Amino acid sequence: MLRSTQRPRRRTGPLLRRLAVTGATLLAATAAIPQAGATAGPDPGVAPSGGGLSAVIRYTENGIPHVLARDYANLGFGTGWAQAADQVCVLADGFLTVSGERSRWLGPDAAPDFSLSSAATNLSSDLFFKGVRETGTVEKLLAAPAPAGPSKDLRELMRGWAAGYNAWLARNRITDPACKDAAWVHPVTATDVAARGFAVSVLGGQGRGVDGITGARPPGPAARAAAPAAEPDPGAAAEAARQLFDTTRYDMGSNAVAFAGSTTANGRGLLLGNPHYPWQGGRRFWQSQQTIPGELNVSGASLLGTAVVNIGFNDKVAWSHTVATGTPVNLHQLALDPADPTAYLVDGRPERMTERKVSVQVKGGAPVVRSQWWTRYGPVVSDLGPGLPLPWTTTTAYALNDPNAANLRGSDTALAMGRARSVAGIQDALKRTQGLPWVNTVAADSAGATLFTQSQVLPRITDELAARCSTPLGRATYPAAGLAVLDGSRGDCAIGSDPDAVQPGVFGPGRAPTLRDAPYAENSNDSAWLANAERPLTGYERIWGTVATPRSLRTRGAVQDVSAMAARGRLTVGDLQAQQYANRVPAGDMAAADAAAACAALPGGTAAGSDGRPVDVSAACGVLAAWDRTADTTSRGALLFDRFWRRLTASTPAKDLWLVPFSPADPVGTPRTLDRAAPGLARALADTVTELRAAGIALDAPLGEHQFVVRGGQRLPVGGGTEALGVWNKIEAPWNAAAGGYPEVVHGSSHMQAVGWDGSRCPVARTLLTYGQSGDPASPFHADQTRLFSQERWVTSRFCERDILSSPALRVVWPRERR
């Protein structure tokens, strides 16, 4: 367990000491904390403060730290210390990424964990992030005055966070085998912390195009002498773009719902947040409470490496985020100078690209030097993923515009939300800082108000601009995916600005789809259209998302559930908890009975598999009919339906699957009624039965016997289901028949929170961090909350001082920075 290396000094401010250690008993316990073995302090050349920072960290059940400090620098110090104590290896790996040094230490060909970009290899990642460093991109953003740049409070938080991380490194031995004795774990600076924030900001833009940015090459002499290369096929590009920006395909998603006072038992608001994030790697959440007396008191979850609470609650308001459908980038198609493929024409005048040479150190080899090419619109890209090639020919190149590359405001947005006192305050925070790059916000407050808003940073591309300036490629990709491809040779096609926007070239917050004070406001990663099915949002530009188009099964199931809850009324936090673990399978409600009937109607109870061989599927018919339509760990038939449904929907288009097609007049209820004669239905049944029998899995096996994780040698059954099933409690796990089915969760429900108020100063909150606080397998907090998740339990939040100090697990740490 973590212990402070120094006893508290008596000259500490009386207010802080009084709040930190209420009563003589707690003061004595704090003073008795033993000193840990100290090692050399951090290198003064990178120490981000003058020394002397400190904080009080009170740990309660499940290793949740409550960080108490006198100001933002000291709060950052305590937060950085506590994050390092739990997740030092994951954090150090991320700092290795943003410093562009993965190839130096880990080799150029290995793959990063994809938490901070989509780079396929360490070398590609390093070329991008080293380029960011060498051009001073982050430093320039840090130098900008607020609100374009970070506020003073955030600067102090980041300065303190780096100092706290460094202090922990200096005074503790790393036991996590992921980086124990690793030479690449080293102290960081506040700029490193900001660089990590930059990486998170551009995840949906430049981060998605890293391989295309670092791999773009001008055509050589042979290409210039050959016949012109073919342009991308618009139809194929449209489909590739649709898949690329399809939020249901991401390894990040979420559900969130806010209920108004008109639907609750006491007239106060309720919020249920259920983010779906990776269970491993650098995009994990970490849970804490941050308190500066009289200034800030917020509890919730932070993305690792950030100094603020990103989603959470205080005594008056709660909020969560969901990944939004807004397309955060656009392309400019460049007309190249016939005499020089590194020059492009704007209104007939040539402009030379800027060449940026980037050198990366490589383990066991000579440095690799590559050029990147930049234009007034952004970097030249050769592709946006393998499915969307953007070839650089003698006549054409493509530049990527990502406005979030000028956005380091996300943490200021989170900080302002943590200080908000109402839904109106949340909305004001979003308007003033405008820092969210790729998420929606759903919020509720103690007065009973609700909010949904898609206040994200998007390039200001109106439908009119897209119609006037799209190239042939853009005329296909913009309707399909909101990805505009504008004619970069025309000055009149420049992206404009809104007067209320914090930065040029983006929509102002007044243009964001927003719903206030609806009985419920819900999002499950579809567009803003059905945040409330009775009050649909329309009138926004295509780049924000679609209107009157089919919704995902998860959205449809969620709207069915929460609208019924709102209509029932008298809701409490307990109802939110029940919804989280209900594990209803909308696909099962819609299709299981028809699938069972189609199965029972097969002649002789047999169906042909993909190999053409007949398979006796008769036993499956009764299992599907008797299944309870949930993805609980005890559900018999859930696994059979899951495997069948994935096969069927992967091979059969929606138009051939349902007898009643989608109707915008009934978007929650359509499409529906499974076509029992649908192509592939019998084959999917046969292949599923064959698969399960070959793996030795009974057709009616309880789901939890084959959907599980192993922690500390113990198999923990996991409820919930995949995106294709539409389950609120989303769980994504790769199939591995040899290992027993679904033996590990890769992403899904993460930091869950069910929050309400009862009129006291203490919010009524239940939380759960499904994968636990610590990355170290030896920590008692590595899998304790995973066990609770397996048992469908929650953690009761300790927000108020009396609750923190009465915790039977209370442990107090008082880390201090050496001067």
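Scroll up a little and you will see the structure.
Since this is a predicted model, take the numbers as computed values, not measurements. (Residues numbered from 1 in each chain as written. Predicted model: local features only at pLDDT ≥ 70, side-chain atom pairs only at ≥ 80, totals over all residues. Heavy atoms only, no water.)

**Student:** Would you mind showing me how to read the state of the cysteines here?
**Tutor:** Here, disulfide denotes a covalent bond that connects the sulfur atoms of two cysteines. One pass over the full model with this rule turns up four disulfides. In this model Cys762 forms its disulfide with Cys800; the gap between the sulfur atoms is 2.0 Å. Its S-S torsion of approximately -120° makes the covalent link between Cys762 and Cys800 left-handed. In this pair, Cys762 sits in the loop between strand S29 (751–756) and strand S30 (764–769) while Cys800 sits in the loop between strand S31 (795–796) and helix H24 (801–805), placing the two residues 38 residues apart along the sequence. Each member of the pair, Cys762 as well as Cys800, carries the same accessibility label: buried. Taken in N- to C-terminal order, the disulfide-linked cysteines of the protein chain are connected 1-2, 3-4, 5-6, 7-8. (Disulfide = S-S within 2.5 Å. Helix = DSSP H or I, 4+ residues; strand = E, 2+ residues; numbered from the N terminus. Buried < 20%, exposed > 50% of the residue type's maximum accessible area, 1.4 Å probe, protein only.)

**Student:** Explanation requested: the layout of surface pockets in the structure shown.
**Tutor:** If a probe as big as a water molecule is rolled over the atoms, it shows which places are left empty. In this structure, the largest pocket occupies an estimated 1500 Å³ of space. Around the largest pocket sit 45 residues that line it, and Arg242, Asp246, Thr248, Arg551 and Ser552 are the ones nearest its centre. Elements that contribute at least two residues to the lining of the largest pocket include exactly helix H11 (234–244), helix H15 (472–481), helix H16 (553–568), helix H20 (638–651) and helix H21 (654–657). Considering every element that reaches the lining of the largest pocket, the biggest residue donor is H20, with five residues. Taken together, the residues of the lining of the largest pocket break down into 18 nonpolar, 15 polar and twelve charged. (1 Å grid on protein atoms, 1.4 Å probe; cavity = no way out; pocket = protein on both sides within 12 Å on 5 of 7 lines; lining within 4 Å. Points joined across faces, edges and corners; volume = space filled by probe spheres on them. Nonpolar A, V, L, I, M, F, W, Y, C, P; charged D, E, K, R; others polar.)

**Student:** Would you take a moment to explain unusual backbone geometry for this structure?
**Tutor:** For the bond from Ala146 to Pro147, the omega torsion is 10°, close enough to zero to count as cis. Tracing the backbone shows Pro147 in the loop between helix H6 (137–143) and helix H7 (152–171). With an omega of -5°, the peptide bond between Thr670 and Pro671 qualifies as cis. With respect to the helices, strands and loops of the structure, Pro671 is situated in the loop between strand S23 (658–660) and strand S24 (672–674).

**Student:** Where do I start with the packing of aromatic side chains in this structure?
**Tutor:** Working definition: an aromatic ring pair is given by the centre-to-centre distance plus the angle between the planes. The final tally for this structure, using the stated rule, is 20 aromatic pairs. Between the aromatic rings of Tyr581 and Phe789, the centroid separation amounts to 6.1 Å while the plane-to-plane angle is 45°, which identifies the pairing as tilted. Of this pair, Tyr581 sits in the loop between helix H17 (573–580) and helix H18 (586–600) while Phe789 sits in helix H23 (residues 784–790), placing them 208 residues apart in sequence. In this structure Phe789 comes out as buried when scored by relative accessible area, which is 3%. Three or more aromatic residues link up through ring pairs in this structure, and these residues are Trp279, Tyr581, Tyr771, Phe789 and Trp794. Taking the ring centre of Phe95 as reference, the NZ or CZ of Arg196 above it sits at 5.4 Å. Here Arg356 stacks its cationic end above the ring of Trp374, 3.8 Å away from the centre of that ring. (Phe/Tyr/Trp six-rings, centres within 6.5 Å; stacked < 30°, edge-to-face > 60°. Lys NZ or Arg CZ within 6 Å of the ring centre and 35° of its normal.)

**Student:** I tried to follow the sheet that holds strand S13 (residues 365–375) on my own but got confused; where do I start?
**Tutor:** Pairing between the strands of a sheet is mediated by backbone hydrogen bonds and can be parallel or antiparallel. Across the sheet, three strands lie side by side as S12-S13-S14; this open sheet has antiparallel pairing. One side of each edge strand has no neighbouring strand; the edge strands of this open sheet are strand S12 (354–362) and strand S14 (378–379). Of the pairings in the sheet, the one linking S12 to S13 comprises eight bridges and is antiparallel in character. Residue pairing in the sheet places Val360 in a bridge with Val368 of S13. (Pairing = 2+ DSSP bridges.)

**Student:** Where do I start with the sheet that holds strand S16 (residues 439–445) in this structure?
**Tutor:** Taken in spatial order, the ten strands of this open sheet run S19-S17-S16-S8-S7-S6-S5-S2-S1-S32, and their pairing is mixed. If you trace the sheet from one side to the other, it starts and ends with strand S19 (514–516) and strand S32 (811–813), each paired once. Within the sheet, the average angular offset between the axes of one strand and its neighbour, ignoring direction, is 20°. Bridging between strand S17 (residues 450–453) and S19 involves three bridges; their strand directions are antiparallel. Across the sheet, the residue bridging to Thr453 is Thr514, located in S19. Strand contacts of helix H3 (residues 72–98): strand S1 (56–60), strand S2 (64–68), strand S5 (285–292), strand S6 (296–303) and S32, with the helix running at about 155° to S5, the strand carrying the most contacts. (Axes fitted to C-alpha atoms, helices over the stretch in contact; angles between N-to-C directions. Contact = heavy atoms within 4.5 Å.)

**Student:** Would you mind showing me how to read H3 here?
**Tutor:** Because each turn of an α-helix spans 3.6 residues, side chains separated by three or four positions in sequence point in the same direction. For H3, which comprises 27 residues, the first-to-last C-alpha distance of 24 Å sits more than 12% below the rise-based estimate of 39 Å (1.5 Å per residue). At Gln87, H3 shows its maximal bend, which comes to roughly 100°. In terms of residue burial, H3 counts as a mostly covered element, since 26 of its 27 residues are buried. (Expected span 1.5 Å × (residues − 1). Bend = angle between axes of the 7 residues up to and from the residue.)

**Student:** Just to check I follow, could you spell out the packing of H3 against helix H8 (residues 190–201) for this structure?
**Tutor:** Between two packed helices, the angle of one axis relative to the other and the distance separating the axes together describe the packing. Viewed as axis vectors pointing N to C, H3 and H8 meet at an angle of 80°, and their least axial separation amounts to 9 Å. Judged on the interaxial angle alone, H8 and H3 are roughly perpendicular. Across from Val90, Leu91, Gly94, Phe95 and Val98 in H3, the residues of H8 making contact are Asp192, Val193, Ala195, Arg196 and Ala199. Each residue belonging to the contact of H3 with H8 can be placed in one class, and the counts come to seven nonpolar, one polar and two charged. (Parallel < 35°, antiparallel > 145°, perpendicular 65-115°, else oblique.)

**Student:** It is not clear to me how the pairing of S2 should be interpreted in this structure. Could you clarify?
**Tutor:** Taking burial as the measure, the five residues of S2 include five buried ones, the bulk of the element. Judged by which residues are buried, S2 turns out to be covered on both faces: Ile64, His66 and Leu68 on one side and Pro65 and Val67 on the other are all buried. By the bridge criterion, five bridges tie S1 to S2 in an arrangement that is antiparallel. Each bridged residue has a counterpart across the sheet, and for Tyr59 the counterpart in S2 is Pro65. Two successive antiparallel strands, S1 and S2, enclose a turn made up of three residues, where Asn62 displays a positive phi of approximately 65°. Note that S2 and S5 share three bridges and pair parallel. Bridging from a neighbouring strand, Val67 pairs with Gln290 of S5.

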